[in-house]
Amino acid sequence: DIEYALSLNLKRLRVLSKRCDLSEFFDDSGDNNELEALCSAVTDGLARRLKMRKVTTGENEKSGSKIWRSGDSRVHKIVADGVSEGLMFLLSIIAWKLYAIQEQEGLVVDDNEDLLEESPGGDDDEEVQDHIVLRLRNRLIALTELCFEQFLPDVVSDEDEETSSPYTEEQIVFADAVQISAGQVASDLRTLFPKELANAVSPLLRAFALVEDGRLIGGYIRFFRSKENMLRSNEELDEENKDPVNSLLLPLARSLATNWSNGNRREAGVALAHVTGSGQEAQSLVSAMSRVLKKTEPVRLLEAHMASLRQSYDEWMDNEPEEMESDCPTDAEMAAFEKAEENHKDQFESLEHQASRFSQSLGVTRLSDAKLAPALVGFLREGLRYAFSNDDGDTEDELILGSRLSFLSVLSKYGNWIKKGRANQKEILQRELDQKETALRTNPDFEEVHEDDLAALGRFRIALGVKPFDDASIVAAATGTGEETVGEVEEDSDSASDLNATPSPSTMKSTTMGRLSRGSSVTSIRSRLSSAQGSLPPLYEEDASAMDSGSSPASPSTQASGKTDDTDEGGKSQATYVGKTQATVDDETGSGVSMDDESEYSNLFDSQTKSTGK
């Protein structure tokens, strides 16, 4: 009864705060601000309830606090409702306060003014350290992070290595409810306090910029990945379920569109993947968002394509069917294995379709932005580096030589732009490709490379329109008389191979894969160790191209703009944040949603960017 009464009153406060500015009914004179005191009380109460219900996954205890094993189980759903209502109430109070402060300080401008050029109120030399808006926002951020810490990782049994669920239905419902609400609030916070404000002249606006949002991004991406199957299931339904699109994908898209000028490629890659395979509703949303992102920063969008494709490719490799243990399998075992092989092949075909959609989004008959032409060279060089590499960034193991060459089949979808481009761009890629293939063929383990992977390499050359490999290059390389080629790209680890704060459900168990029978024409192998994280890790962005060293090609954004990312002494890019998504265009068959279609999502993003452009 107590929890229900609290939840009901929080709902009343939320409704009232949506209708009007509640600060008019509270005394804010003197040192004691009654509205701030109310918000602090609500925050503390909700935080206490979240901490009491946080589930631990230790060796001897997997069911969490004793509160889950005592009392009425219905109370947890009521508490989750109260948390959701409280989060929205606190967000509304912050939004009203932010608007009032902007008006008081003369910081609300129209389309003809620019806060980056002119600051009507305040001394530029005085940095704002304490403000009621900042205090309210920071409390809400801490509460939102507590919600994300309710994440329930899959637990792998040591006996059968199958994923088991030690959680009760009440724990799952509670964790999902509070994290969905937290994701929506995190998106709104990043929209209200965009990173671009850090460049404002006004010290107050600079203080409002939400720069340290890595934990918010990481927490939501971890939860989002665990629920992606809800979006994917729409592909098989006659009547799509819009709830997952609106509750999971839309909050991610909104925050990406608002902060795209500083977009996080890893976060973007997660959203980009849903341009295919998640139903028409998700495709429409991603397409509308993509049009805005490409208009804002097209080169970063191209870098996000690479992040998304590598993420999907890694998942495809991890999902390779396990070899049958029995030398005399039963008919049922054979049928199950053949079904798994067929699903694996379908997954790769879906990945190729995803790459085709990405490529089509760059233009129709020519690239829609002049910056994309030089950026594509860096994009393909990074793809080549990844395809020819055999180091596993997640473990100390090395992959079998050439096991990633099938990635070139995905990369070839961008080949038509090189064919249409300048001759010098094709020459750069020709030299890069010749050098890497020469190193591959002269490797002592070259016999281990599968013929299907070599066939993918040949098809990639055709897609680019470059010359076939000349065996004389091997002789020249052995005698040292060949032409000087582009320097080899070196990298300590795959900077974009781990694109999630936490592995997706398909990679939640430890597996060691060997070379299997080729049920599919594109099967490759790798060893990978994934483990669910119970803590809340920040999602820091790493350089998507991983090409900051002097001997490596510059990233697409560097080539296009002439600017370089901040790097440390080792040449690795410093962590940056924020998000990005993908662009897509209707394919030639007309089966998709055109980016030119006017939809409710198009209007949503257009109006959002106009209101936050300053």
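Coordinates for the structure precede this section.
On a predicted model such as this, the values are computed, not experimentally measured, just so you know.

What counts, and at which threshold
Residues numbered from 1 in each chain as written. Predicted model: local features only at pLDDT ≥ 70, side-chain atom pairs only at ≥ 80, totals over all residues. Heavy atoms only, no water. Helix = DSSP H or I, 4+ residues; strand = E, 2+ residues; numbered from the N terminus. Buried < 20%, exposed > 50% of the residue type's maximum accessible area, 1.4 Å probe, protein only. Contact = heavy atoms within 4.5 Å. Areas by Shrake-Rupley, 256 points an atom, 1.4 Å probe, with all protein chains shown as cover. Core = buried A, V, L, I, M, F, W, Y, C linked by side-chain atoms within 4.5 Å. Salt bridge = Lys/Arg side-chain N within 4 Å of Asp/Glu carboxyl O. Axes fitted to C-alpha atoms, helices over the stretch in contact; angles between N-to-C directions. Parallel < 35°, antiparallel > 145°, perpendicular 65-115°, else oblique. Left-handed = near helix turned anticlockwise from the far one by under 90°. Nonpolar A, V, L, I, M, F, W, Y, C, P; charged D, E, K, R; others polar. Phe/Tyr/Trp six-rings, centres within 6.5 Å; stacked < 30°, edge-to-face > 60°.

Visitor: Looking at this structure, how should I read the overall build of the chain?
Guide: A tally of helices and strands in the chain yields 21 helices and four strands. A burial count over the chain gives 52% of its 614 residues as buried. Intrachain contacts of the chain at a sequence separation of at least 6 include 82% that bridge at least 24 residues. Of the roughly 28,100 Å² that the chain leaves accessible, carbon and sulfur atoms contribute 46%.

Visitor: Even after reading the chapter, I still don't get the nonpolar core, so can you show me in this structure?
Guide: The nonpolar side chains of a soluble globular protein tend to be buried, and buried together. Counting 120 residues, the largest nonpolar core has Phe208, Phe407, Leu408 and Tyr414 as the members making the most contacts within it. Of the residues forming this core, the biggest block, 12 residues, is contributed by helix H3 (residues 75-104). Setting aside residues no more than four positions away along its own chain, Tyr414 makes contact with Leu302, His305, Leu309, Ala355, Phe358, Ser359, Leu362, Leu376, Phe379 and Leu380.

Visitor: I'm lost on the pattern of salt bridges in this one. Help?
Guide: For side chains of opposite charge, pairing can occur when their charged atoms come near one another. Applying the stated criterion across every chain, the model contains 25 salt bridges. The salt bridge involving Lys195 is made with Asp213; its shortest N-O contact spans 3.4 Å. Here Asp213 lies in the loop between helix H6 (203-208) and helix H7 (214-226) and Lys195 lies in the loop between helix H5 (169-192) and H6, a separation of 18 residues in the sequence. On the basis of relative accessible area, Lys195 is assigned to the buried category, the value being 7%.

Visitor: Any chance you could explain the packing of helix H10 (residues 265-272) against helix H12 (residues 298-318) here in plain terms?
Guide: Helix-helix packing: each pair is described by the crossing angle between the helix axes and the interaxial distance. For the pair H10 and H12, the least separation of the axes is 8 Å and the interaxial angle reads 65°. By the criterion of interaxial angle, the relationship of H10 to H12 is roughly perpendicular. Like other packed secondary-structure pairs, H10 and H12 cross with a definite hand, here right-handed. Here Arg265, Ala268, Gly269, Val270 and Leu272 of H10 lie close against H12, whose contacting residues are Arg300, Leu301, Glu303, Ala304, His305, Ala307, Ser308 and Gln311. Among the residues making up the contact of H10 with H12, the classes are represented as six nonpolar, four polar and three charged.

Visitor: It is not clear to me how the packing of aromatic side chains should be interpreted in this structure. Could you clarify?
Guide: For any pair of aromatic rings, the description consists of the separation of the ring centres together with the inter-plane angle of the planes. For the structure shown, the criterion picks out 10 aromatic pairs. Here Tyr220 and Phe224 contribute two aromatic rings whose centre-to-centre distance is 6.2 Å and whose plane-to-plane angle is 50°, an arrangement assigned as tilted. Residue Tyr220 and its partner Phe224 are both found in helix H7; the two are separated by four residues, about one turn of the helix. The class of Tyr220 is buried, set by a relative accessible area of 6%. Ring centres of Trp316 and Phe348 lie 4.8 Å apart, and the angle between their planes is 55°; this geometry places the pair in the tilted category. Here Trp316 is found in helix H12, whereas its partner Phe348 is found in helix H13 (residues 331-360), with 32 residues between them in sequence. For the pair shown, Trp316 and Phe348 are each scored as buried. Three or more aromatic residues joined by ring pairs form one cluster here, namely Tyr313, Trp316, Phe348, Tyr386 and Phe407.

Visitor: Explanation requested: the environment of Ile93 in the structure shown.
Guide: Tracing the backbone shows Ile93 in helix H3. For Ile93, a relative accessible area of 3% translates into the label buried. It is 9.8 Å that separates the C-alpha atoms of Ile93 and Arg137, two residues lying 44 residues apart in sequence.

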